[in-house]
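Summary of the model geometry
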Amino acid sequence: MSRYTQIPRPTEHAALRSVERTARPLPPVPAILADLITAHRLGDRHGVNLCAHLAARAAQGGQL
C-alpha cells in the first residue's frame, strides 16, 4: 500500500458536461456593458473580450 492516495480529479470533458447541466443566470446587459467600459478604460483586453462575449450571450437570451 502506497503512502500517497490517488485523488480522482474530473477531466475537462466531465467538467464541461457538469456545467452544461446547470442553468446559470446571466447578469443584465447594462451591468455587463458597464463592466466592459471599465475593462476598456483599464486596458484589460482579456476583460473586454470576456465582457463582450457575455453581453452577446445575454442579448441572445443565453442561447449561444
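Residues numbered from 1 in each chain as written. Predicted model: local features only at pLDDT ≥ 70, side-chain atom pairs only at ≥ 80, totals over all residues. Heavy atoms only, no water.

1. Structural notes on the overall build of the protein chain
Applied cut-off: Put simply, DSSP H or I for four residues or longer makes a helix, DSSP E for two residues or longer makes a strand, and each gets a number counted from the N terminus. In this description the radius of gyration comes from C-alpha coordinates, and the expected globular size is given by 2.2 Å times residues to the power 0.38. Buried residues are those whose accessible area, probed at 1.4 Å on protein chains only, stays under 20% of the maximum for their type, while exposed residues exceed 50% and partly exposed ones sit between those limits. Residue burial considers only the protein chains on display, and all accessible areas are found by Shrake-Rupley using a 1.4 Å probe. Charge convention: Lys and Arg are scored as positive, Asp and Glu as negative, and His as well as the terminal groups of each chain are ignored. Just so you know, the charge point we use is NZ for Lys, CZ for Arg, CG for Asp and CD for Glu.
Helix and strand counts for the protein chain come out as three helices and zero strands. Secondary structure of the protein chain in N-to-C order comes out as α-α-α. For a compact globule of 64 residues, the expected C-alpha radius of gyration is about 11 Å, and the protein chain comes in at 18 Å, more than 25% above that figure. Classification of the 64 residues of the protein chain by burial places 9% in the buried group. Total accessible area computed for the protein chain in this model is approximately 5,900 Å², and 59% of it derives from carbon and sulfur atoms. The averaged location of the 4 negative side-chain charges in the protein chain is 7 Å from the averaged location of its 8 positive side-chain charges.

2. Re the packing of helix α2 (residues 29–42) against helix α3 (residues 45–59)
Rule in force here: Axis lines are fitted to C-alpha atoms, over the contacting stretch for helices. Their N-to-C directions set the angle, which ranges from 0 to 180 degrees. Orientation labels follow simple angle bins: below 35 degrees gives roughly parallel, above 145 gives roughly antiparallel, 65 to 115 gives roughly perpendicular, and whatever is left gives oblique. Two helices cross in a left-handed way if the nearer one is turned anticlockwise from the farther one by less than a right angle. They cross in a right-handed way if the turn is clockwise. Contacts are assigned to residue pairs with any non-hydrogen atoms lying within 4.5 Å of each other. Gly counts as polar in this scheme, as do all residues outside two lists: the nonpolar Ala, Val, Leu, Ile, Met, Phe, Trp, Tyr, Cys and Pro, and the charged Asp, Glu, Lys and Arg.
Two elements in contact, α2 and α3, have axes whose closest approach is 9 Å; the angle formed by their N-to-C orientations is 165 degrees. It follows that α2 is roughly antiparallel to α3 by the angle criterion. Relative to α3, α2 is oriented so that their crossing is left-handed. Across the interface between the two elements, Val29, Ile32, Leu33, Asp35, Leu36, Ala39 and His40 from α2 touch Gly47, Val48, Cys51, Ala52, Leu54, Ala55, Ala58 and Ala59 from α3. The class makeup of the residues in the contact of α2 with α3 is twelve nonpolar, two polar and one charged.

3. What to know about α3
Basically, it comes down to this: The span one expects for a helix is its residue count, reduced by one, times 1.5 Å. Read the arc as the range of directions from the helix axis to the C-beta atoms.
Given a rise of 1.5 Å per residue, 15 residues ought to cover 21 Å, and the 21 Å separating the end C-alpha atoms of α3 matches this to within 8%. For α3, every residue scored as buried is listed here: Gly47, Cys51, Ala55 and Ala58. Viewed end-on, α3 has its buried residues packed into an arc of 65 degrees, placing them on one side of the element. Counted as exposed and oriented over 90 degrees from the buried face of α3: Arg45, His46, Leu50 and His53.

4. Thoughts on the environment of Arg45
Within the secondary structure layout, Arg45 lies in helix α3. The exposed category is assigned to Arg45, whose relative accessible area is 75%. In this structure the C-alpha to C-alpha distance between Arg45 and Val19, which are 26 residues apart in sequence, comes to 25 Å.

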